[in-house]
Amino acid sequence: MLDVRELKLEKDRRVIITSDVHANLPLFRQLLEKVNYTMEDYLFINGDLCEKGPDSLSTVEFARKLSEESERVFITKGNCDVVHDYVFNDVEGIKNYMRQRKNSVLNEMLDRHGKSLDEFATLQKLGEFFREHFVELLDWLDNLPIAYETDDFIIIHAGVEDIPDWKETSREFALYTPAFYEKEHQADKTVIVGHWPVVNYRANAVSSNCPLIDLEKKIIALDGGNQIKRDGQLNALIMNGEEITYTYVDGLNKKMITRSHVDETGRVGTVTYPNYELRLLKEEDFFTLCENVNLGIEQWIKNEFIHEGFCKNDLSTTFLSVEKGETVSVVDDRHDGYALVKSSSGEVGWIPKDCLV
């Protein structure tokens, strides 16, 4: 059975929930400042403090400090927080992972002591080094619960199985299952997850990294694609009494709109991994109408991103309206005719390039 810890929350306090910080400590600090976090609030961090970003160790140390300073801070375990398991379980593939992904807590631990992976003949020796120098940190990560349950919701990193007793969910499913929103569950409470970027669910909708809140299905998905998507962000869900709102921060540059533009195409959508294969239908000056082969839907793809029948990367296929004086985040303004921007509401799409300063 999963390590689930039950909580009784005071009804008159704010609840702030985030997930997938991914070693981006400056952005995490910025988010806490934006939501005006104080120790009077409940703060939940739903897994993945580590990996992908540049500073796993400092992020973990900061989160530990938050939890030590306040009895209202609760942190669950994410799959990226237990990457060291592969070392201690003698999984040889972790060596290739460490060589390919410099931004890993494992490499940071080596760097902090001036060591390199090649200095360790076996994973056993590597594990001994980690235990010698970082036993307290590793024990803290290992002792994080898989889930928290309150009167109103369940917080778990990736999801729960569709079984009568959700607490019988396997550890593998709880930490690693993809696309939980596309699944079902039998829990009697709303399940709040991270792990799977929410934009992946928006292939045929307005592109956005903002939380997906479906109280009818009893699922809230939080992962804003921070450190994974070019237009990614760090989301915060805020519960204040019966009210549920959200906000976000990102690291994108801001620019002002100098000319209003009204989109009349109605084009929406997103291309996300692994649905990159295209069948070209109609080419225009800046965009080409394509059939997304895996999904069987039509999407307008910026021409520069099409290569030999594939979309080169994740990409918004949404077109936006903007107003003069509005401030937007610039995702990509390097291409002909159009720029990819994020509106203040979090919608990501294309606008004519001459709308920007």
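As a reminder, the structure under discussion sits directly above these lines.
Asker: Lay out the overall build of the protein chain with the relevant residues and their values.
Answerer: The helix and strand tally for the protein chain stands at seven helices and 22 strands. For the protein chain, whose C-alpha radius of gyration is 22 Å, the value lies close to the compact-globule estimate of 21 Å for 357 residues. Viewed in the frame of its principal axes, the protein chain has a C-alpha envelope of about 60 × 55 × 40 Å. Looking at the protein chain residue by residue over its 357 residues, the buried ones come to 57%. For the protein chain, the share of sequence-separated contacts (at least 6 apart) that also reach a separation of at least 24 residues comes to 65%. Element-wise, carbon and sulfur atoms account for 46% of the exposed surface of the protein chain, whose accessible area totals about 16300 Å². The centroid of the 41 positive side-chain charges in the protein chain is displaced by 3 Å from the centroid of its 64 negative side-chain charges.

Asker: I'd love a proper account of the sheet that holds strand β21 (residues 338-342), names of residues and values included.
Answerer: Read across the open sheet, the four strands follow the order β12-β20-β21-β22; overall the sheet is antiparallel. Of all strands in the sheet, those with a lone pairing partner are β12 (253-256) and β22 (348-352), marking the two edges. Between one strand axis and the next, the sheet turns by 50 degrees as a mean value, whatever way the strands run. Examined bridge by bridge, strand β20 (residues 327-332) and β21 share three bridges and lie antiparallel to one another. Note on β21: the bridge partner recorded for D332 is L340.

Asker: Describe the pairing of strand β7 (residues 190-193), with residues and values.
Answerer: By the alternation rule, side chains of β7 split into T190 and I192 and V191 and V193, which are all buried. Assessed by its sense of winding, the connection that carries the chain from strand β6 (residues 153-156) through helix α7 (residues 171-176) to β7 is right-handed. Strand direction decides the pairing type here: β7 and strand β9 (residues 219-221), joined by three bridges, are parallel. Along β9, the bridge assignment pairs V191 with I219.

Asker: Could you give me a rundown of the pattern of salt bridges, with the residues and numbers involved?
Answerer: As a working rule, side chains carrying opposite charge can pair if their charged atoms are close by. Using the criterion set out here, one finds 30 salt bridges in the structure. Between E149 and K167 there is a salt bridge, and its shortest N-O distance comes to 3.2 Å. In this pair, E149 sits in strand β5 (residues 147-149) while K167 sits in the loop between β6 and α7, placing the two residues 18 residues apart along the sequence. Comparing E149 with K167 shows no difference in burial state: the two are buried. For E304, the salt bridge identified is with K302, shortest N-O distance 2.8 Å. Residue classification places E304 among the partly exposed residues on the basis of a relative accessible area of 26%. On the basis of relative accessible area, K302 is assigned to the buried category, the value being 1%. Bridged by salt links that share partners, the residues E6, E149, K167 and K189 form one connected network.

Asker: Run through the sheet that holds strand β10 (residues 234-240), naming residues and quoting values.
Answerer: The five strands are arranged β4-β3-β2-β10-β11 in an open sheet whose pairing can be described as mixed. With partners counted over all chains shown, the strands left at the sheet margins are β4 (73-76) and β11 (243-249), one partner each. On average, adjacent strands in this sheet sit at an angle of 20 degrees to one another, irrespective of strand direction. Together, β2 (15-18), β3 (42-46), β10 and β11 form the strand contacts of helix α1 (residues 25-34), whose direction differs from that of β11 by roughly 140 degrees. Taken strand by strand, helix α2 (residues 56-69) contacts β3 and β4, and its axis lies near 140 degrees from that of β4.

Asker: I'd like to hear about the side chain of N235, residue by residue, with values.
Answerer: Inspection of the secondary structure puts N235 in strand β10. Within polar-contact distance, the side chain of N235 engages the backbone oxygen of N209 at 2.8 Å. A distance of 2.9 Å separates a polar side-chain atom of N235 from the backbone oxygen of L222. For N235, the contacting residues outside a window of four places in its chain are I17, T18, S19, L31, N209, C210, P211, L222, D223, G224, T247 and Y248.

Asker: Mind laying out the packing of aromatic side chains, listing which residues take part and the relevant values?
Answerer: Tallying each qualifying case throughout the model produces 16 aromatic pairs. Taking the centre distance of 6.2 Å and the plane angle of 65 degrees together, the rings of Y273 and Y276 count as edge-to-face. In this structure an aromatic cluster arises from ring pairing among F286, F287, F305, F319, Y338 and W350. A cation sits over an aromatic face here: K217 above Y181, 4.5 Å from the ring centre. Between the NZ or CZ atom of R267 and the centre of the ring of F319, over which it lies, the distance is 5.0 Å.

Asker: So what's going on with helix α6 (residues 123-142)? Which residues, and what values?
Answerer: For α6, built from 20 residues, the straight-helix expectation of 28 Å at 1.5 Å per residue is missed by more than 12%, its first-to-last C-alpha distance being only 19 Å. In α6, a bend of some 95 degrees at F134 exceeds every other bend along the element. Of all the residues in α6, the buried ones are L123, L126, G127, F129, F130, F134, L137, L138, W140 and L141. Buried residues along α6 sit against α2, β4, α3 (85-88), α4 (93-100) and α5 (105-112).

Rules used in this analysis
Residues numbered from 1 in each chain as written. Predicted model: local features only at pLDDT ≥ 70, side-chain atom pairs only at ≥ 80, totals over all residues. Heavy atoms only, no water. Helix = DSSP H or I, 4+ residues; strand = E, 2+ residues; numbered from the N terminus. Rg over C-alpha atoms; globule rule 2.2 N^0.38 Å. Buried < 20%, exposed > 50% of the residue type's maximum accessible area, 1.4 Å probe, protein only. Contact = heavy atoms within 4.5 Å. Areas by Shrake-Rupley, 256 points an atom, 1.4 Å probe, with all protein chains shown as cover. Lys, Arg positive; Asp, Glu negative; His and termini not counted. Charge placed at Lys NZ, Arg CZ, Asp CG, Glu CD. Pairing = 2+ DSSP bridges. Axes fitted to C-alpha atoms, helices over the stretch in contact; angles between N-to-C directions. Right-handed = clockwise from strand over helix to strand, strands pointing away. Salt bridge = Lys/Arg side-chain N within 4 Å of Asp/Glu carboxyl O. Polar contact = N/O pair within 3.5 Å; in protein donor to acceptor, adjacent residues only side chain to side chain. Phe/Tyr/Trp six-rings, centres within 6.5 Å; stacked < 30°, edge-to-face > 60°. Lys NZ or Arg CZ within 6 Å of the ring centre and 35° of its normal. Expected span 1.5 Å × (residues − 1). Bend = angle between axes of the 7 residues up to and from the residue.

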